[in-house]
Amino acid sequence: VTVLPEILQAHGYKTLGFDIDMLNHGFEKGFDEFSLLRWRIENKAKRIIKKVFNWNYNILRAEEITHFAKKQIKKYKDRNFFLYLHYVDLHWPYWPPKPFDDMFDPPYKGSHLFNDWDNKIQRGDMIFNNPLSEEERHHAIAHYDGMIRFIDTQVGSIIEYLGTMNLKEKTLIIITSDHGESLGEHNFYFMHTLNLYEEGIRVPLIISSPTIKEPVKIETQIQSIDIMPTILDILGITLIENIDGKSLLPLIKGKKDERKYLFGENGEVIYKQNKRSFIPGIKGKWRMIRTNEWKLILIPHLEKDIYELYNLKNDPKEENNLIDKEIETAKRLKKELLEWMNQSKHDQDLNLTEKSKKLLRKLGYME
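Calculation criteria
- Residues numbered from 1 in each chain as written.
- Predicted model: local features only at pLDDT ≥ 70, side-chain atom pairs only at ≥ 80, totals over all residues.
- Heavy atoms only, no water.
- Helix = DSSP H or I, 4+ residues; strand = E, 2+ residues; numbered from the N terminus.
- Contact = heavy atoms within 4.5 Å.
- Expected span 1.5 Å × (residues − 1).
- Buried < 20%, exposed > 50% of the residue type's maximum accessible area, 1.4 Å probe, protein only.
- Arc of directions from axis to C-beta.
- Pairing = 2+ DSSP bridges.
- Polar contact = N/O pair within 3.5 Å; in protein donor to acceptor, adjacent residues only side chain to side chain.
- Axes fitted to C-alpha atoms, helices over the stretch in contact; angles between N-to-C directions.
- Parallel < 35°, antiparallel > 145°, perpendicular 65-115°, else oblique.
- Nonpolar A, V, L, I, M, F, W, Y, C, P; charged D, E, K, R; others polar.
- Core = buried A, V, L, I, M, F, W, Y, C linked by side-chain atoms within 4.5 Å.

What follows concerns the overall build of the chain. Of the regular secondary structure elements, the chain holds eleven helices and eleven strands. At a minimum sequence separation of 6, the contacts of the chain that also span at least 24 residues come to 61%.

Here we come to helix 10 (residues 327–343). Working note: α-helix, 3.6 residues per turn, so residues spaced by three or four point in the same direction. Across its 17 residues, helix 10 extends 25 Å between first and last C-alpha, which sits within 8% of the 24 Å expected from 1.5 Å per residue. Restricting attention to buried positions, one finds in helix 10 the residues T329, A330, L333, L337 and M341. Along helix 10, the residues classed as buried sweep out an arc of 90° about the axis, all on the same side. Seen from the open side of helix 10, the exposed residues pointing more than 90 degrees away from its buried face are E328, K331, N342 and Q343.

Right, let's get into the environment of F34. One can find F34 in strand 2 (residues 33–34). The class of F34 is buried, set by a relative accessible area of 8%. Between the C-alpha atom of F34 and that of F18, which follows or precedes it by 16 residues, the distance is 5.6 Å.

Okay, the pairing of strand 10 (residues 294–299) next. When you tally the buried positions in strand 10, you get six out of six residues, the bulk of the element. The alternating pattern of strand 10 places W294, L296 and L298 and K295, I297 and I299 on opposite faces, both of which are buried. In terms of strand pairing, strand 9 (residues 287–290) meets strand 10 through four bridges, oriented antiparallel. Looking at the pairing, M288 lines up with I297 of strand 10. Two elements, strand 10 and strand 11 (residues 306–311), share six bridges in a ladder whose sense is antiparallel. Its bridge partner being in strand 11, L296 is matched across the sheet by L309.

Mapped onto the secondary structure, T66 falls in helix 3 (residues 61–75). Here the side chain of T66 touches Q154 through a polar contact of 2.7 Å, side chain to side chain. Excluding its chain neighbours within four sequence positions, the residues that come into contact with T66 are Y87, Q154, S157 and I158.

Looking now at the sheet that holds strand 9. Read from one edge to the other, the open sheet built from four strands follows the order 8-9-10-11, with strand pairing classed as antiparallel. Here the strands that pair on one side only, and so sit at the sheet edges, are strand 8 (262–265) and strand 11. Strand-to-strand, the axes of this sheet are offset by a mean angle of 15°, without reference to chain direction. Against the sheet, helix 10 touches strand 8, strand 9, strand 10 and strand 11, its axis set at about 60° to strand 10.

With that settled, consider the sheet that holds strand 1 (residues 14–18). Hydrogen bonds between backbone atoms are what pair the strands of a sheet, whose relative direction is either parallel or antiparallel. Strand order in this open sheet of three strands is 2-1-3, and the pairing throughout is parallel. Only two strands of the sheet have a single neighbouring strand rather than two, namely strand 2 and strand 3 (81–85). Contacts from helix 3 reach strand 1, strand 2 and strand 3 within the one sheet, and its direction differs from that of strand 3 by about 180°.

The next thing to look at is the side chain of N195. Structurally, N195 can be placed in the loop between strand 6 (189–191) and helix 7 (198–201). The exposure class of N195 is buried, given its relative accessible area of 5%. Of note is the side chain of N195, whose polar atom sits 3.0 Å from the backbone nitrogen of Y197. Ignoring any residue separated from it by four or fewer positions in sequence, one finds N195 in contact with S182, F188, I201, N266 and W286.

All right, on to helix 8 (residues 227–235) then. Within helix 8, the full set of buried residues consists of I227, P229, T230, I231, L232 and I234. Next to the buried residues of helix 8 lie helix 1 (4–10), strand 4 (173–176), strand 7 (205–208) and helix 9 (249–252). One or two positions beyond helix 8, positive phi appears at G236, with a value near 75°.

Packed helix pairs are characterised by how far apart their axes lie and by the angle those axes make with each other. Between helix 3 and helix 6 (residues 134–164), the least distance of the axes is 10 Å, while the angle of their chain directions is 10°. Here helix 3 lies roughly parallel to helix 6, going by the angle between them. Where helix 3 approaches helix 6, its residues A62, E63, T66, A69, K70, I73 and K74 are matched on the opposing element by F150, I151, Q154, S157, I158, Y161 and L162. Partitioning the contact of helix 3 with helix 6 into residue classes produces eight nonpolar, three polar and three charged.

Turning our attention to the nonpolar core. Counting residues in hydrophobic clusters, the biggest one holds 21 residues, and the most contacted among them are I73, F81, Y87, F150, I151 and L167. Looking at this core, the elements that each hand over two or more residues are strand 1, helix 3 and helix 6. Ranked by the residues each element gives to this core, the list is headed by helix 6, at six residues. Once you skip the residues sitting within four places of it in the chain, I151 turns out to touch A62, Y87, D89 and L90. Residues F128, Y271, I297 and L312 belong to the second largest nonpolar core, which totals 15 residues.

None of the figures reported here should be taken as evidence of function without further support.
Here it is in structure tokens:
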């Protein structure tokens with residue numbers, strides 16, 4: 001599979017990436033430099049020194065990424081470069097630095113149990129059984145909001161730096177996320193990838209390009225896999241291989257998207273505490289089909305598969321399952337979804353290596 005950095009690399013771009021948790025997992029493919037070993041050693045040494053003088057020093061990976069970005073921008077400002085940055089600080093546990101830690105809930109005086117699930121509570125119990133008080137849950141969300149604000153300042157700092165280097169008006173900038181976060185909706189707490197509801201799969205996508213002169217808001221549904229062909233289209237690079245995604249440039253220019261359906265699946269279901277559906281491995285993944293108005297979700301279950309149907313225009317929070325009321329719509333979407341699943345090649349069980357399991361535990365996806 002040819003990936004975006006490889007294509008850009010072949011067209012003379014210097015490809016640079018920083019993603020602390022994804023090193024040596026194939027993600028560095030096509031990058032000239034990716035999470036440099038020298039860089040990580042230097043920053044680890046700095047953190048150790050800071051800890052000596054301040055035991056309360058909190059490791060802020062976002063600041064390391066921002067610092068890395070500015071150094072690379074300065075170094076390669078006179079040539080074409082592709083810079084990929086993945087801020088992971090928003091992941092559980094939510095530890096925003098001051099003043100962001102109490103910015104959205106200053107009266108709180110609790111014990112921050114939600115930050116300490118390793119020692120006091122099983123992760124799966126918190127995700128599905130929510131043992132936190134309402135006050136504690138509210139403060140966890142306030143911490144999440146604080147971390148969003150903190151990351152926002154980091155991204156803003158990079159954009160400002162592009163301006164000081166006279167690169168802002170010459171640079172294609174894309175801001176997006178790989179997922180959202182469940183903060184109590186549908187009885188999922190402080191987790192992602194375990195379901196296909198809007199709070200987990202609807203993400204921001206902001207594109208700023210010298211070739212886009214007027215602000216445009218795309219109302220129709222699109223997918224993350226559309227980002228790659230959009231980048232290449234804006235840069236005037238022709239795609240050689242067929243891919244599922246489509247360039248958003250025609251939509252930006254006011255044309256209509258001909259796609260009727262979009263599809264998706266979640267991560268593997270790995271928490272036994274979810275009594276509603278637990279089938280280990282890839283067979284336990286949820287699948288969905290979506291139009292601009294409707295979404296059908298298939299939840300695998302050992303006794304009988306569960307289907308949920310939502311009208312996204314009238315019910316954006318997906319609170320009213322219409323599977324038994326909108327019979328014809330459900331039947332049509334089921335047919336399309338099952339055809340897509342039959343075409344896919346993802347229904348094979350994978351045996352995770354111990355290295356992969358260790359990474360999943362580190363990121364909070366396994367216990």
